[in-house]
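Inside the fold
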Amino acid sequence: MPFFTTKRSGSGIGLSLARQMMMAQGGNLTLADTPQPGYHTTFVVMINSRRVDE
């Protein structure tokens, strides 16, 4: 199974699709090596080779 979800009716395609859309626009979506304080998971969004942090 290439995708994973914990939702009953989910397909698990959300992150894969989001990454493909980012890459099509010259950006990228990756998993951070270390989550930001207070979060379990942190994703890094790169837009035109520029890191966007919240």
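This paragraph deals with the overall build of the chain. Along its length, the chain carries one helix and three strands. In sequence order, the chain lays out its α and β elements as α-β-β-β. Sorting the 54 residues of the chain into buried and exposed places 9% on the buried side. Residue pairs at least 24 apart in sequence account for 7% of intrachain contacts in the chain once pairs closer than 6 positions are excluded. Accessible area of the chain: about 4900 Å², with a carbon and sulfur share of 56%.

For Ala18, the location among the structural elements is in helix α1 (residues 14-24). Exposure remark for Ala18: the relative accessible area of 26% places this residue in the partly exposed category. As a C-alpha pair, Ala18 and Asn28 span ten residues in sequence and 9.1 Å in three-dimensional space.

Per-residue confidence for the chain gives a mean pLDDT of 82; residues scoring 70 or more make up 83%. Looking over the chain, one finds the lowest element-wise mean pLDDT in strand β3 (residues 50-52), namely 61, and the highest in strand β1 (residues 28-31), namely 89.

Here we come to a nonpolar patch on the surface. Side chains of Ile13, Leu17 and Met21 sit close together on the surface and give an oily, nonpolar patch of about 270 Å² of accessible area. Within the secondary structure, Ile13 sits in the segment before α1. Residue Ile13 is classed as partly exposed on the basis of its relative accessible area, which comes to 38%.

How each quantity is defined
- Residues numbered from 1 in each chain as written.
- Predicted model: local features only at pLDDT ≥ 70, side-chain atom pairs only at ≥ 80, totals over all residues.
- Heavy atoms only, no water.
- Helix = DSSP H or I, 4+ residues; strand = E, 2+ residues; numbered from the N terminus.
- Buried < 20%, exposed > 50% of the residue type's maximum accessible area, 1.4 Å probe, protein only.
- Contact = heavy atoms within 4.5 Å.
- Areas by Shrake-Rupley, 256 points an atom, 1.4 Å probe, with all protein chains shown as cover.
- pLDDT = per-residue confidence, 0-100.
- Patch = residues over 30% accessible without salt bridge, like charges linked within 9 Å, V, L, I, M, F, W, Y side chains within 5 Å.
- Salt bridge = Lys/Arg side-chain N within 4 Å of Asp/Glu carboxyl O.

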